[in-house]
Amino acid sequence: MSTIIIGGAGFIGSKLTRCFLEQGQHVLVIDNLCRGRREFLDALPCRQQLTFIQADASDAQAVLKICAEYHTRFPVAAVWHMAANSDIPAGIADASVDLRDTFMTTYAVLEAMKKLGLKKLAFASSSAVYGDHGPDVPLREDSGPFLPISNYGAMKLASEALISAAAESWLDQAWIFRFPNVVGVPATHGVILDFVRKLKAAPGRLDVLGNGTQQKAYLHADELVEAMLFIADNAKERINLYNIGPDDAGCRVADIAAAVVERVSPGAKILFGREGRGWVGDVPKFRYCVDKAAKLGWKPRFSSLEAVRRAIDEIAHQEGPL
Ligand SMILES: NC(=O)c1ccc[n+]([C@@H]2O[C@H](COP(=O)([O-])OP(=O)(O)OC[C@H]3O[C@@H](n4cnc5c(N)ncnc54)[C@H](O)[C@@H]3O)[C@@H](O)[C@H]2O)c1
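A. Here's a closer look at the packing of helix α3 (residues 60-73) against helix α5 (residues 95-116). Between α3 and α5, whose axes approach to 9 Å, the crossing angle comes to 40°. With respect to α5, the element α3 is oriented oblique. As for how α3 packs across α5, the hand of that crossing is right-handed. In this structure, α3 contributes A60, V63, L64, C67, A68 and H71 to the contact, and α5 contributes Y107, A108, V109, E111, A112, K115 and L116.

Here it is in structure tokens:
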């Protein structure tokens, strides 16, 4: 049996690809490399089990053709859809980016799966679907109203809705994972990479977007991948919707800035902005409830701050010396 990973050349997708390859599976990765990198795949073990096709996953005809050819050679057990626009401000500036990369990819993947009779889908969703409920409401999977404040969150929510509709008529099983902020390597984006790169460019100062009070849940990518695989193995409903995250109140951006400075450029001055959020569409404070995953048997090992500290070391190493 084999697995198709859409967006498998990205940060999280390439880690997932590694896991399936190490399990001895054949894997097809479809990625247009708009944000992922070929090198992430080149670095993986068991390369002979991996097929990589560079293509736009929002093109339904292309996805169908590629998947159909692959499925005849290596019968596909499940599709994992990890592709999206991971740059939220880019999607605020131009809504067509999220329409294409976050929503149309889901539409195209579902259309191809339906035509090929592939009936199991795992999907990377996001805490962004909840919108801004403030820091005091632990967000459960059913915490409405769902009013996203970014086009990214809106297109993730619309994707979830499309998957739900497919599960009503032809999809046998879907796993929808709502991730918090995910950190680790190979980093392609995110607050830690941003801070490390800023300090490399100007080692004496770190400009922070927002006033540093933003407080969010952070999960290490290794834990995320373990959690997704665990939930996919153990959650047996038709639609399996799970928050995955740390069981804590999160970590402040000011603390992340201090930890990055300490590790990468000790003594650098940290300059904060004035706003309570980093950019338009940024949910400044949220708290996750992960009781449903815990009930199934998955528990995070690291707190938000521990995940962040581990990722800072890894990303500093990835980016090399100042
Ligand atoms: N990293 C996080 O903190 C986080 C948080 C919540 C949800 N997610 C979700 O997890 C998934 C993986 O995120 P990531 O952090 O690895 O981001 P990433 O940008 O590193 O990976 C996304 C991959 O999708 C590919 N892609 C995008 N549009 C495409 C298209 N039209 N056709 C083909 N490939 C396309 C990119 O090239 C990239 O390789 C995404 O769906 C993202 O929305 C990530």
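B. Layout of the domain arrangement of the protein chain. Structurally, the protein chain comprises domain 1 (2-182 + 219-243) and domain 2 (185-217 + 248-287 + 302-319). Across the boundary between the two partners, domain 1 contributes 27 residues, which contact 19 residues of domain 2. Residue assignment for the side of domain 1 that touches domain 2 shows that the elements contributing at least two residues are α1 (11-22), α4 (88-93), β6 (138-139) and β11 (218-220). If you tally residues by element for the side of domain 1 that touches domain 2, the top one is α4, at 3 residues. Class assignment of the residues belonging to the side of domain 1 that touches domain 2 gives a composition of 13 nonpolar, 10 polar and 4 charged.

C. Just α1, in detail. End to end, α1 covers 17 Å across 12 residues, agreeing with the expected 16 Å (1.5 Å per residue, within 8%). Among the 12 residues of α1, 10 are classified as buried, and the element is accordingly described as predominantly covered. Among the residues of α1, F11, I12, G13, S14, K15, L16, T17, R18, F20 and L21 are the ones counted as buried. G24 sits one or two residues past α1 and shows a positive phi near 95°.

D. Summary view of the site of the ligand. Contacts to the ligand come from 28 residues, most closely from G7, G10, F11, G36 and A84. Those elements that place two or more of their residues in the shell around the ligand are α1, α5, β5 (120-126) and β8 (181-183). Tallied by class, residues from the shell around the ligand come to 12 nonpolar, 11 polar and 5 charged.

E. Inspection of the nonpolar core at higher detail. F177, I192, L224, I244 and V260 are the most contacted members of the largest nonpolar core, which has 100 residues in total. Shared between two domains, this core holds at least three residues of each, these being domain 1 (2-182 + 219-243) and domain 2 (185-217 + 248-287 + 302-319). The residues contacting V260, other than those within four sequence positions of it, are I192, F195, V196, L199 and I312.

F. The packing of helix α7 (residues 191-201) against helix α11 (residues 304-319), seen in detail. Two numbers describe how α7 lies on α11: the axes approach to 10 Å, and their chain directions differ by 45°. Comparing their axes, α11 and α7 come out oblique. For the pair α7 and α11, the sense of crossing is right-handed. On α11, the residues touching I192, L193, V196, R197 and K200 of α7 are V308, A311, I312, I315, A316 and E319.

G. The pairing of strand β12 (residues 239-243), seen in detail. In terms of burial, β12 is largely enclosed, as 4 of its 5 residues are buried. Examined bridge by bridge, strand β7 (residues 173-179) and β12 share 5 bridges and lie parallel to one another. Among the inter-strand pairings, A174 is bridged to a residue of β12, identified as I239.

H. Geometry of the sheet that holds strand β1 (residues 2-6). In spatial order, the strands read β3-β2-β1-β4-β5-β7-β12; together these 7 strands make up an open sheet with parallel pairing. Since the sheet does not close on itself, it has two edges, and those belong to β3 (50-54) and β12, each with one partner. If you compare each strand with its neighbour and ignore which way they point, the axes differ by 15° on average. With respect to the sheet, α3 is in contact with β1, β2 (26-31), β3 and β4 (76-81), its orientation differing from that of β2 by roughly 170°. Here helix α6 (residues 151-169) sits on the sheet in contact with β5, β7 and β12, set at roughly 155° to β5.

I. Representation of unusual backbone geometry within the structure. The omega torsion across G144 and P145 is -5°, close enough to zero to call that bond cis. Along the chain, P145 turns up in the loop between β6 and α6. The omega torsion across V185 and P186 is 0°, close enough to zero to call that bond cis. Positioned with a positive phi, L33 is a non-glycine residue whose angle comes to about 60°. As for its position among the elements, L33 is in the loop between β2 and α2 (38-42). Phi is positive for C46, which is not a glycine, with a value near 55°. Along the polypeptide, C46 turns up in the loop between α2 and β3.

What counts, and at which threshold
- Numbering of residues starts from 1 in each chain and follows the order in which that chain's sequence is written.
- Where local features are concerned, this predicted model is filtered to residues with pLDDT of at least 70; where side-chain atom pairs are given and counted, the filter is 80 or more; whole-chain, interface and lining totals use all residues.
- Lines fitted to C-alpha atoms define the axes, with helix axes restricted to the stretch in contact, and inter-axis angles between N-to-C directions lie between 0 and 180 degrees.
- Numbered from the N terminus, helices here are DSSP runs of H or I no shorter than four residues, and strands are runs of E no shorter than two.
- Throughout, the term roughly parallel applies to angles under 35 degrees, roughly antiparallel to angles over 145, roughly perpendicular to angles from 65 to 115, and oblique to all others.
- Note on convention: the crossing is left-handed when the near helix lies turned anticlockwise from the far helix by less than a right angle, right-handed when the turn is clockwise.
- What counts as a contact here is a pair of residues whose C-beta atoms, placed from the backbone, lie within 7 Å.
- As used throughout, domain bounds are those supplied by an automatic or database domain assignment.
- Amino acids are sorted into nonpolar (Ala, Val, Leu, Ile, Met, Phe, Trp, Tyr, Cys and Pro), charged (Asp, Glu, Lys and Arg) and polar (every other residue, Gly among them).
- In this scheme, a helix's expected span is set at 1.5 Å multiplied by one less than its residue total.
- Backbone-placed C-beta atoms define the burial measure: a residue is buried with 20 or more other C-beta atoms within 10 Å of its own, exposed with 12 or fewer, and partly exposed in between.
- The criterion for a residue being near a molecule or strand is a backbone-placed C-beta atom within 6 Å of that molecule or strand.
- As used throughout, a nonpolar core is a set of buried Ala, Val, Leu, Ile, Met, Phe, Trp, Tyr and Cys residues joined through C-beta atoms within 7 Å of each other.
- Between any two strands, pairing holds if DSSP finds at least two bridges.

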